Amino acid sequence: MRTFACVCGQTLFFENVACERCGREVGWCPSCRAIAALEPLGDGTYACANAGCGAVLVKCANYARENVCNRCLSAADAGRGLCDACRFNRTIPDLSIAGNRERWGELEAAKRRLLYTLDFLGLPYGSAADGFDPPLAFDFKADAIPVDGLWRWMGEGERVFTGHADGKITINIREADSVEREKLRVDLGEAHRTLIGHFRHEVGHYYWDLLVRGRHEAAFKHVFGDHENPPYGEALQRHYREGPPAGWKERFVSAYATMHPWEDWAETFSLYLDITSVLDTAVNMGLIGPVDFADLNGMVGRYRQLGLVLNELNREMGLIDVVPEVLHAPVVEKLGLVHALVRRRSG
Ligand SMILES: [Zn+2]
Ligand SMILES: [Zn+2]
Ligand SMILES: [Zn+2]
Ligand SMILES: [Zn+2]
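The sections below set out a description of the structure shown in this document.

Quick notes on the rules
Residues numbered from 1 in each chain as written. Chains lettered and ligands numbered in written order. Predicted model: local features only at pLDDT ≥ 70, side-chain atom pairs only at ≥ 80, totals over all residues. Heavy atoms only, no water. Helix = DSSP H or I, 4+ residues; strand = E, 2+ residues; numbered from the N terminus. Rg over C-alpha atoms; globule rule 2.2 N^0.38 Å. Buried < 20%, exposed > 50% of the residue type's maximum accessible area, 1.4 Å probe, protein only. Contact = heavy atoms within 4.5 Å. Areas by Shrake-Rupley, 256 points an atom, 1.4 Å probe, with all protein chains shown as cover. Lys, Arg positive; Asp, Glu negative; His and termini not counted. Charge placed at Lys NZ, Arg CZ, Asp CG, Glu CD. Donors = N, O, S within 2.8 Å, 3.2 Å for Na, K, Ca; no water. Tetrahedral: all angles 85-135°; square planar, octahedral: opposite > 155°, others 65-115°. Axes fitted to C-alpha atoms, helices over the stretch in contact; angles between N-to-C directions. Parallel < 35°, antiparallel > 145°, perpendicular 65-115°, else oblique. Nonpolar A, V, L, I, M, F, W, Y, C, P; charged D, E, K, R; others polar.

## Things to note about the overall build of the protein chain
In terms of regular secondary structure, the protein chain is built from nine helices and 13 strands. For the protein chain, the C-alpha radius of gyration of 21 Å lies close to 20 Å, the compact-globule estimate for 347 residues. Counting only C-alpha atoms and orienting by the principal axes, one finds that the protein chain spans roughly 65 × 55 × 45 Å. For the protein chain, with 347 residues in total, the buried portion stands at 47%. When contacts within the protein chain are restricted to residue pairs at least 6 apart in sequence, long-range pairs at least 24 apart make up 56% of them. As displayed, the protein chain has an accessible area near 16900 Å², and 51% of this comes from carbon and sulfur atoms. If the 39 positive side-chain charges of the protein chain are averaged to one point and the 47 negative ones to another, these points end up 2 Å apart.

## Some thoughts on the coordination of the zinc ion (ligand 3)
At 2.3 Å from the zinc ion (ligand 3) lie its protein donor atoms, namely C60 (SG), C69 (SG), C83 (SG) and C86 (SG). Note that the zinc ion (ligand 3) binds four donor atoms; their angles at the metal cover 106 to 116°, and the shape is tetrahedral. On the primary sequence, the residues serving as donors to the zinc ion (ligand 3) are separated as C-x8-C-x13-C-x2-C. Highlighted residues: C60 in the loop between strand 6 (56–59) and helix 1 (61–64) and C86 in the loop between strand 7 (72–74) and strand 8 (89–91), separated in sequence by 26 residues. Taken individually, C60 and C86 each receive the classification buried, so the pair is uniform in this respect.

## Considerations on the coordination of the zinc ion (ligand 1)
Note on the zinc ion (ligand 1): its protein donors are C6 (SG), C8 (SG), C19 (SG) and C22 (SG). The metal-donor distances range over 2.2 to 2.4 Å. For the zinc ion (ligand 1), the four donor atoms are set out with angles of 105 to 116° between them, so the coordination reads as tetrahedral. One chain supplies every donor for the zinc ion (ligand 1), spaced along it as C-x1-C-x10-C-x2-C. Of this pair, C6 sits in the loop between strand 1 (4–5) and strand 2 (11–12) while C22 sits in the loop between strand 2 and strand 3 (26–29); the two residues are 16 residues apart in sequence, bridging distant segments of the chain. The class of C22 is partly exposed, set by a relative accessible area of 33%.

## Some remarks on the packing of helix 7 (residues 261–284) against helix 9 (residues 329–345)
The geometry of helix 7 relative to helix 9 is characterised by a closest axis approach of 9 Å and an angle of 75° between their N-to-C directions. By the criterion of interaxial angle, the relationship of helix 7 to helix 9 is roughly perpendicular. Across from D264, W265, T268, F269, L271, Y272 and I275 in helix 7, the residues of helix 9 making contact are V331, K334, L335, V338, H339, L341 and V342. When grouped by side-chain class, the residues that make up the contact of helix 7 with helix 9 number ten nonpolar, two polar and two charged.

## Looking at the environment of V223
As for its position among the elements, V223 is in helix 5 (residues 217–224). A relative accessible area of 18% means that V223 is categorised as buried. Excluding its chain neighbours within four sequence positions, the residues that come into contact with V223 are E333, K334 and L337.

None of this, on its own, says anything about what the molecule does.
Dropping the structure here:
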């Protein structure tokens, strides 16, 4: 991720909706692909204030009306209403429930970061309206409501599982409640449990469909194991009955990855997005020199070095490690297949 600049000189961040110094409204301009100051033109449209851009923009409806987005559309596309991140939503949270608008806002912020990294890598994705197969879509759903700080089951309808099916990414909005998420993180023995992590994992399943299914399944089996044997349901039951196999840390990025080759791929894909986005941000913030994003071994080496520093800084502040994983050779080999298939489809 980059940082951006207001016309007044103040640094702007990806999530900003206003400049902290001059108070100007800011938003994502799709023309210059930057967070920019927005100069109101008096008719509900804005001019991008970035030098050399000046695009005429309208705010995304989820920015103007709902306050959960900070993107704009070209005024010529105003009829579409939603920006190039919000248009993938199929289901949004019930806004009559207190706190859900804030949770939705956090989900959207994580989603925009995800899409930024996919764009950085040049990965393809599209909606049904784009004729994309499988089309990408997001369902933000709840099966429980918060009452006095505790989540109570709504009692009817189906349980909502965070997951992926045929391009549709479902996130249980309970995951946007930081107290609840931390509780699940500890209960499930996970090093990290974050909203952006959920998005990166689930989109990993989406890219299995796009990059591997019917194209590179033999190469996949060679590196990740046979996804058809045992079948997924059987593997899931065994995982919850027996837990991860002894010595899993030598071969897998997480305990969850040991369940089935599809989960191993999704966890590894998520790690690949972690590495890419952390290195991209570190370069842009001047922490490290240029990175060759075509060279996986170079990327892994830089990520290891940076991880040591970030972990030590976090320990200094009493926080959990930024980079909990130790990347053993089998994990790097799996990253190698992800990297090769991503680069084949990107551009
Ligand atoms: Zn400013
Ligand atoms: Zn612009
Ligand atoms: Zn939007
Ligand atoms: Zn999964």
